[in-house]
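So you can see what is in the structure, the chains are spelled out below.
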Amino acid sequence: MEIREQLKHKKRVVIKIGSSSLTHQMTGEVNYQKMEQLTRVLCDLRGMGKDVILVSSGAIAVGRKAMHMNKRPSTTAEKQALASIGQARLMMTYQRLFAEYSQVAAQILMTKNTMKNDLSRFNTRNTFEELLSMGAIPIVNENDTVATYEIEFGDNDHLSAYVAALTKADLLILLSDIDGMYTDDPSRNPDASLIPIVSELTEEYKNMGKSTSKSDVGTGGMSAKLDAARIAVDAGIDMVIANGSNVRNILDIVSGKDVGTLFLAHQKKNFDLLNYID
């Protein structure tokens, strides 16, 4: 069977979408049309019988706009306050959009402590399983309202990989502002070419992960995505990096089409998620 064709048979899919994919580039305002398109795609995945988990950025960005704050917050207190405002608005929007398609969205907020503490990790896994069995779509974000440097994930690329491993997903899709992994930074090198499939995440590939991001509202560069890939493939999960400007890329990926960069799973013997959390 052709490698991409195998993606048709994935049953549990974790999708991470970055802030830059959910906001207007010029203003930073929420792109409601994009959110509606994303909702429709996720509901279609549910209609196919797949379990769907969304890891959604954007709380601080939404909070910034709600409070008419043009610059990035500089203090932890500012970030947490804006996240508190933005997260509520973000979830309210998702709840309304999913209700239009007779689907239910649920909110799960996490910090590193959620993963490190045995009881919290156990309870969180059970919550995911119960929500998915009910047919709900969990929407996950870092709990920025309480997270400090010691307990924050730092970006949703890592968080989505942790969630995929925790829930034993079989496909992780990272949607960002880039088409996939390139041989070099395409914004600086016009000769850079897209790498369609990474069969093994070698040191050479890891060294390509320069911390670059074109977005003013996101946090994760390619190095974070390659870290996420390492976690995913070691956990036995295929991962795809694709462009989030067209959320229908999700449907193309699960249809086996040649979209983005596919990282092939290599289940690591005795995989332990705690070994990947700083």
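Residues numbered from 1 in each chain as written. Predicted model: local features only at pLDDT ≥ 70, side-chain atom pairs only at ≥ 80, totals over all residues. Heavy atoms only, no water.

So, on to the confidence of the model for the protein. For the protein, per-residue confidence averages 88 on the pLDDT scale, and 92% of positions sit at 70 or higher. Below pLDDT 50 for its whole length, residues 211–220 participates in 27 contacts with residues either more than four positions away or in separate chains. (pLDDT = per-residue confidence, 0-100. Contact = heavy atoms within 4.5 Å.)

With that settled, the discussion passes to the packing of aromatic side chains. The description of an aromatic ring pair uses the distance of the two centres, along with the angle that the planes make with each other. Throughout the structure, instances matching the rule amount to two aromatic pairs. When the centroid spacing of 5.0 Å and the interplanar angle of 35 degrees are considered together, the rings of Phe271 and Tyr276 count as tilted. Phe271 gets classed as partly exposed once you look at its relative accessible area, which sits at 23%. (Phe/Tyr/Trp six-rings, centres within 6.5 Å; stacked < 30°, edge-to-face > 60°. Buried < 20%, exposed > 50% of the residue type's maximum accessible area, 1.4 Å probe, protein only.)

What follows concerns the pairing of strand β1 (residues 12–17). Counting buried residues along β1, six of its six residues qualify, which places the element largely inside the surrounding structure. Covered by surrounding structure in β1 are Arg12, Val14 and Lys16 together with Val13, Ile15 and Ile17, the residues of both alternating faces. Judged from the six bridges that link them, β1 and strand β2 (residues 51–56) form a sheet pairing that is parallel. Of the residues in β2, the one forming a bridge with Val13 is Val52. (Helix = DSSP H or I, 4+ residues; strand = E, 2+ residues; numbered from the N terminus. Pairing = 2+ DSSP bridges.)

Attention now moves to the sheet that holds strand β5 (residues 171–176). The mixed open sheet is built from eight strands, whose spatial order is β3-β4-β2-β1-β5-β7-β8-β6. The outermost strands of the open sheet, each flanked by one partner alone, are β3 (105–110) and β6 (197–198). Against the sheet, helix α4 (residues 76–100) engages β2, β3 and β4 (137–142), with an angle of about 155 degrees to β3. (Axes fitted to C-alpha atoms, helices over the stretch in contact; angles between N-to-C directions.)

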